[in-house]
Amino acid sequence: MNHRHLGKTGLMVSEIGLGGEWLTGLTEQQTFQVIDAALAEGMNCLDIFMPQPQTRSNIGRALRGRREKMLIQGHLGAIFEDGQYTRSRQMDKVKAAFDDLLTRLETDYIDIGMLHYIDSMEEYERVMDGPFYAYARELKDQRVIRHIGMSSHNPQVSLRAVEEGRIEVLMFSLNPAYDLEGSDATIEEMMKFRDLQSDQWLVNTARQELYARCAADGVGITVMKPLGAGSLLDAKSSPFGVAMTVTQCCHYCLTRPGVSSVLVGCRTPEQVHIAACYATATPEEKAYGHIFSAGRSIQMTGRCMYCNHCQPCPAHIDVAEVTKFLDLARQQPQVPETVREHYLALEHHAGDCIQCGSCEQNCPFGVPVRENMARAQELFGR
């Protein structure tokens with residue numbers, strides 16, 4: 001596994017890291033197996049935004065006695081309340097959740113303290129000019145967090161944080177479809193990339209400017225959503241109309257300026273190994289130019305990334321799980337019985353949706369959640 005400088009932090013991170021989101025819901029033994037596989041493959045970067053107590057405890061026990069082998073991104077503002085994940089800027093809740101993170105991880109420090117999920121200028125100003133950022137600075141002064149980072153899906157907000165020197169690490173949603181987001185032209189019209197180097201294949205100028213500024217200012221980028229929640233791996237769901245491999249998705253991200261590590265969500269040791277194969281892949285296996293020949297317009301907005309940033313749900317629906325089963329069912333002529341059984345085993349179903357719309361206000365990807373809930377209820381009968 002190759003390692004890169006994480007901006008100017010002085011840390012060296014593995015090119016492929018572990019997105020911890022998919023560890024949620026695993027048993028302690030399953031969590032051990034994934035963490036063991038990641039360390040064995042040379043991965044040393046793990047993102048933990050998930051506030052679920054059992055998930056945190058499982059990770060803490062898995063890292064017991066080898067904490068120093070894993071650089072941890074721990075998020076400030078991701079809390080567990082009323083039985084589900086939610087964001088909060090309420091300082092008593094933020095502090096309690098961070099204390100809980102340290103306790104359950106059995107550690108007294110976090111390598112990168114992430115200001116969790118800041119996607120609007122209004123919220124950016126509220127966070128940076130108020131007690132939230134002051135708390136992060138206090139933790140850094142005390143060496144409880146070693147570096148301050150921020151997670152965001154918004155290039156303008158992210159660029160401002162970089163320009164103002166507020167952060168040392170940026171966790172950003174990045175993949176080839178996102179980089180082309182917003183254009184109505186065909187790929188053939190947009191790209192015209194044949195005589196360009198790979199690091200010039202960016203179309204969205206705001207993103208291009210962000211990556212270049214991160215590289216220039218020494219702000220390390222760690223990548224979330226590199227596979228588009230798996231949609232890029234299947235020709236049927238990919239906006240390019242052709243499938244990419246995990247290696248190709250990772251290579252696209254790692255050829256962007258400023259990127260240090262790509263965090264791939266893995267639920268099994270086998271998935272860890274597939275992600276880690278990037279380290280030994282040939283140039284032919286990494287090549288992703290084929291995706292730009294499909295001649296399709298690109299549109300990722302509206303696709304669920306299964307991140308559950310839409311929560312909390314007043315009806316306690318696990319929107320990500322419901323949508324995941326809906327997507328799986330829609331890929332088949334008939335609903336597979338295994339998918340139906342997993343859906344019906346959920347504690348709350350799409351039919352419990354009260355159509356309040358709070359989820360859609362929270363979603364960073366513009367997913368029509370209420371419409372999806374109605375479709376799922378119709379498809380599964382509950």
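What you are looking at is a predicted structure, and each value in this text was computed from that prediction instead of being measured. (Residues numbered from 1 in each chain as written. Predicted model: local features only at pLDDT ≥ 70, side-chain atom pairs only at ≥ 80, totals over all residues. Heavy atoms only, no water.)

**Some thoughts on the overall build of the protein**
Next up, step 1: Looking only at helices and strands, the protein features 16 helices and twelve strands.
Next up, step 2: For the protein, whose C-alpha radius of gyration is 20 Å, the value lies close to the compact-globule estimate of 21 Å for 382 residues.
Next up, step 3: When its C-alpha atoms are laid out on the principal axes, the protein stretches across 55 × 55 × 40 Å.
Next up, step 4: Taken over 382 residues, the protein has a buried fraction of 55%.
Next up, step 5: Intrachain contacts of the protein at a sequence separation of at least 6 include 76% that bridge at least 24 residues.
Next up, step 6: Accessible area of the protein: about 15900 Å², with a carbon and sulfur share of 47%. (Helix = DSSP H or I, 4+ residues; strand = E, 2+ residues; numbered from the N terminus. Rg over C-alpha atoms; globule rule 2.2 N^0.38 Å. Buried < 20%, exposed > 50% of the residue type's maximum accessible area, 1.4 Å probe, protein only. Contact = heavy atoms within 4.5 Å. Areas by Shrake-Rupley, 256 points an atom, 1.4 Å probe, with all protein chains shown as cover.)

**Focus: the state of the cysteines**
Next up, step 1: Applying the stated criterion across every chain, the model contains zero disulfides.
Next up, step 2: Cys-250 provides the cysteine sulfur closest to Cys-277, a residue in no disulfide bond, and the two sulfurs are 11 Å apart.
Next up, step 3: With a relative accessible area of 28%, Cys-277 lands in the partly exposed category.
Next up, step 4: No disulfide involves Cys-353; its sulfur sits 6.2 Å from that of Cys-359, the nearest cysteine.
Next up, step 5: By relative accessible area, which is 21% here, Cys-353 ends up partly exposed. (Disulfide = S-S within 2.5 Å.)

**With respect to the packing of aromatic side chains**
Given two aromatic rings, their pairing is described by the distance between the two centres and the angle made by the two planes.
Next up, step 1: Enumeration over the complete set of coordinates arrives at five aromatic pairs.
Next up, step 2: Taking the centre distance of 5.8 Å and the plane angle of 20° together, the rings of Tyr-178 and Phe-365 count as stacked. Taken together, the positions of Tyr-178 in helix H7 (residues 176–179) and Phe-365 in the loop between helix H15 (358–362) and helix H16 (369–380) put the pair 187 residues apart, joining distant regions of the chain.
Next up, step 3: Note on Tyr-343 and Phe-380: the rings are 4.1 Å apart at their centroids and 15° apart in plane angle, and the pair reads as stacked. (Phe/Tyr/Trp six-rings, centres within 6.5 Å; stacked < 30°, edge-to-face > 60°.)

**Digging into the packing of helix H2 (residues 53–62) against helix H3 (residues 91–105)**
Next up, step 1: Two elements in contact, H2 and H3, have axes separated by 7 Å at closest approach and are oriented at 40°. Here Pro-53, Arg-56, Ser-57, Ile-59 and Gly-60 of H2 lie close against H3, whose contacting residues are Ala-97, Asp-100, Leu-101, Arg-104 and Leu-105.
Next up, step 2: Looking at the contact of H2 with H3 residue by residue, the class counts come to five nonpolar, two polar and three charged. (Axes fitted to C-alpha atoms, helices over the stretch in contact; angles between N-to-C directions. Nonpolar A, V, L, I, M, F, W, Y, C, P; charged D, E, K, R; others polar.)

**Side note on the nonpolar core**
Next up, step 1: Ranked by internal contacts, the top residues of the largest apolar core, which has 109 residues, are Ile-16, Leu-76, Phe-98, Leu-115, Met-150 and Val-262.
Next up, step 2: Residues in contact with Leu-76, not counting those within four places in the same chain, are Arg-89, Val-94, Phe-98, Met-114, Leu-115, His-116, Phe-132, Tyr-135, Ala-136 and Leu-139. (Core = buried A, V, L, I, M, F, W, Y, C linked by side-chain atoms within 4.5 Å.)

**Some words on H3**
Because the α-helix completes a turn every 3.6 residues, residues three or four places apart line up on one side.
Next up, step 1: Here H3 contains 15 residues, and its C-alpha end-to-end distance of 21 Å stays within 8% of the 21 Å for a straight helix at 1.5 Å per residue.
Next up, step 2: After H3 finishes, the residue Glu-106 shows a positive phi value of roughly 55°. (Expected span 1.5 Å × (residues − 1).)

**Some points on the packing of H3 against helix H5 (residues 131–141)**
Next up, step 1: Viewed as axis vectors pointing N to C, H3 and H5 meet at an angle of 30°, and their least axial separation amounts to 10 Å. With respect to H5, the element H3 is oriented roughly parallel. Regarding H3 and H5, the two cross each other, and that crossing is right-handed. Residues Met-91, Val-94, Lys-95 and Phe-98 of H3 touch H5, and the partners they reach there are Pro-131, Phe-132, Tyr-135 and Leu-139.
Next up, step 2: Residues belonging to the contact of H3 with H5 are distributed by class as follows: seven nonpolar, no polar and one charged. (Parallel < 35°, antiparallel > 145°, perpendicular 65-115°, else oblique. Left-handed = near helix turned anticlockwise from the far one by under 90°.)

**A closer look at the environment of Met-12**
Next up, step 1: Along the chain, Met-12 falls in strand E2 (residues 12–14).
Next up, step 2: On the accessibility criterion, Met-12 (35% relative accessible area) is partly exposed.
Next up, step 3: Sequence separation of Met-12 and His-349 is 337 residues, and the distance between their C-alpha atoms is 43 Å.
Next up, step 4: Discounting chain neighbours no more than four positions away, the residues touching Met-12 are His-3, Arg-4, His-5, Asn-44 and Leu-71.

**Description of the sheet that holds strand E4 (residues 45–48)**
Next up, step 1: With respect to topology, eight strands assemble into a closed barrel ordered E3-E4-E5-E8-E9-E10-E11-E12, the strand pairing being parallel. Neighbour to neighbour, the strand axes of the sheet diverge by 30° on average, direction disregarded.
Next up, step 2: Pairing between E4 and strand E5 (residues 71–76): four bridges, direction parallel. Within the sheet, the bridge partner assigned to Cys-45 lies in E5 and is Leu-71.
Next up, step 3: Each of strand E9 (145–152) and strand E10 (169–173) touches helix H6 (residues 155–163); the most contacted strand, E9, lies at about 155° to it. (Pairing = 2+ DSSP bridges.)

**Digging into unusual backbone geometry**
Note: most peptide bonds trans; most residues except glycine with negative phi.
Next up, step 1: Omega for the peptide link from Gln-311 to Pro-312 comes to 10°, which places this bond in the cis form.
Next up, step 2: For Pro-312, the location among the structural elements is in the loop between helix H12 (283–286) and helix H13 (319–330).
Next up, step 3: Despite not being glycine, Glu-106 has its phi angle at roughly 55°, a positive value.
Next up, step 4: In this structure, Glu-106 sits in the loop between H3 and strand E8 (110–115).
Next up, step 5: On the basis of relative accessible area, Glu-106 is assigned to the partly exposed category, the value being 40%.

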